[in-house]
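The lines below spell out each chain.
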Amino acid sequence: VPVDSETEAWEKTSLSKNKAKPVKPPGRFERLLQPCVAELVGTTFFVFIGCVSVIENVETTGRLQPALVHGFAVAVMVACMAEISGSHFNPPFTLAIFLCGGLQLGMVAPYLISQLIGGVLGAAMSKAMTSKMKYTNATGAAFTILTSDEQLAGALFAEVAMTALVTLVVLLGAVNNKSKSPLVPFMVGCSVIINILAGGDVSGTCLNPARAFGPAVMTNYWTYHWVYWVGPFVGSLVAAALVR
């Protein structure tokens, strides 16, 4: 057999072997249940780690310990689960991502429910892990910084502005086709860190109603709790409007 014929036969055989098998379309589990489980698990561990970092915070570290823990926790969980659910772990993120075309309407409510349940589970895990004295002293890592109406305007603006910043990073880094970046887990984590360092003494830098809701349920502490819903959701709407 001529060499050319042998080469041609070998190439055809190789191509047929390397031919990609048809990809099976995702089933109901992959499309619906799996993303919700990812949001539940991701939010649970984010809130758990975040709450423990506050409850066990050493006074000499100030805001640095919670800032680093929250930021790194976000970065790790986003990197791990982005391909499963998009790694929202935050109701305002889900709303903004939906408004920018990154999520179907039918998945918005399941995501929000999963995130809030995860927030409660994470707060419960932090209570189980820490000592009763430290848990009580920290009010279970609930947001207790607001004690008077005089603080409300600054705190509400802080939550709006800082949530808008981190939501912009999410939308531009993970949703918008012109600016998508593989560094988005790192960018979101850094955004959380700088926000907590900058605004921790103003509002506590919640940015996430699920993070506020879990400890509030576990400690029954609801003073000015609405700030940590209104501020982040308005901030996410601002970010979505800017991106659109």
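Remember, predicted model here, so these are calculated numbers, not experimental data.

Conventions and cut-offs
Each chain carries its own residue numbering, running from 1 in the direction its sequence is written. Given that the model is predicted, a residue must reach a pLDDT of at least 70 before its local features are reported, and side-chain atom pairs must reach 80 or more before they are shown or counted; all residues, however, enter totals for whole chains, interfaces and linings. Computation of side-chain values: all heavy atoms of the structure, hydrogens and water removed. Pairing of aromatic rings covers Phe, Tyr and Trp, the last through its six-membered ring, and needs centres within 6.5 Å; plane angles under 30 degrees mean stacked, over 60 mean edge-to-face, and all others mean tilted. We count a stretch as a helix when DSSP gives it H or I for four or more residues in a row; a strand needs E for two or more, and each element gets its number in order from the N terminus. Residues grouped as a nonpolar core are buried Ala, Val, Leu, Ile, Met, Phe, Trp, Tyr and Cys residues, joined through side-chain atoms within 4.5 Å. Each residue's exposure class comes from its accessible area (1.4 Å probe, protein chains only) as a fraction of the maximum for that residue type: buried when under 20%, exposed when over 50%, partly exposed otherwise. We call two residues contacting when some pair of their heavy atoms lies within 4.5 Å. Only C-alpha atoms enter the line fits that serve as axes; for helices the fit covers just the stretch in contact. Angles between N-to-C directions range over 0 to 180 degrees. An angle below 35 degrees is treated as roughly parallel, one above 145 as roughly antiparallel, one from 65 to 115 as roughly perpendicular, and anything else as oblique. By convention, the crossing between two helices is left-handed when the near helix turns anticlockwise from the far helix through less than a right angle, and right-handed when the turn is clockwise. Residues are grouped as follows: nonpolar covers Ala, Val, Leu, Ile, Met, Phe, Trp, Tyr, Cys and Pro; charged covers Asp, Glu, Lys and Arg; every other residue, Gly included, is treated as polar. Within this document, salt bridges are pairs made up of a side-chain nitrogen of Lys or Arg and a carboxyl oxygen of Asp or Glu, the two lying within 4 Å of each other. Given the number of residues in a helix, its expected span is that number minus one, multiplied by 1.5 Å.

Peer 1: If you had to explain the packing of aromatic side chains to someone new, which residues and values would you point to?
Peer 2: In the structure shown here, the tally under the stated rule is 5 aromatic pairs. Between F45 and F48 the ring centres are 6.5 Å apart and the planes differ by 80 degrees, which places this aromatic pair in the edge-to-face class. Of this pair, F45 and F48 both sit in helix α2 (residues 28-55), separated by 3 residues, roughly a single helical turn. Site record: aromatic cluster; members linked through ring pairs are F213, W222, W229 and F233.

Peer 1: Describe the nonpolar core, naming the residues involved and giving the relevant values.
Peer 2: Grouped together as the largest cluster of nonpolar side chains are 39 residues, with contacts concentrated most on V74, I97, L103, V166, L171 and V188. Of all the secondary structure elements, the ones that give two or more residues to this core are α2, α3 (64-85), α4 (91-99), α5 (108-129), α7 (152-175), α8 (184-199) and α10 (227-243). In terms of residue count, the dominant contributor to this core is α7 (7 residues). Other than its neighbours up to four places away in sequence, V74 contacts F46, V188, G189 and V192. The next biggest cluster of nonpolar side chains, apart from the first, holds 9 residues, and it includes L152, A155, C206 and Y228.

Peer 1: Tell me about the packing of α5 against helix α9 (residues 209-219), and please be specific about residues and values.
Peer 2: Closest axis-to-axis distance for the α5/α9 pair is 7 Å, and the angle between their directions is 55 degrees. It follows from the interaxial angle that α5 and α9 lie oblique. In terms of crossing hand, the pair formed by α5 and α9 is right-handed. Contact residues: Q115, L116, G119, V120, A123, A124 and K127 in α5; A210, F213, G214, P215, V217 and M218 in α9. For the contact of α5 with α9, the class distribution of residues is 9 nonpolar, 3 polar and 1 charged.

Peer 1: Explain the pattern of salt bridges to me, using residue names and the numbers behind them.
Peer 2: Considering all chains together, one arrives at 2 salt bridges under this definition. Salt-bridge contacts for K134 lead to E56; the nearest nitrogen and oxygen are separated by 2.9 Å. Residue K134 is found in helix α6 (residues 132-137), and its partner E56 is found in the loop between α2 and α3; the two are separated by 78 residues along the sequence. Overall, K134 belongs to the partly exposed group, its relative accessible area being 35%. One salt bridge connects D201 with R63, and the closest N-O pair in it is separated by 2.7 Å. A residue pair is termed long-range when its members are at least 10 positions apart, and D201 in the loop between α8 and α9 and R63 in the loop between α2 and α3 qualify at 138 residues. For D201, a relative accessible area of 57% puts it in the exposed group.

Peer 1: Please set out α3 residue by residue, giving values where relevant.
Peer 2: The end-to-end C-alpha separation of α3 is 29 Å, in line with the 32 Å expected for 22 residues at 1.5 Å each. Taken together, the buried residues of α3 touch α2, α5, α8 and α9. Of the residues trailing α3, G86 is marked for its positive phi of about 95 degrees.

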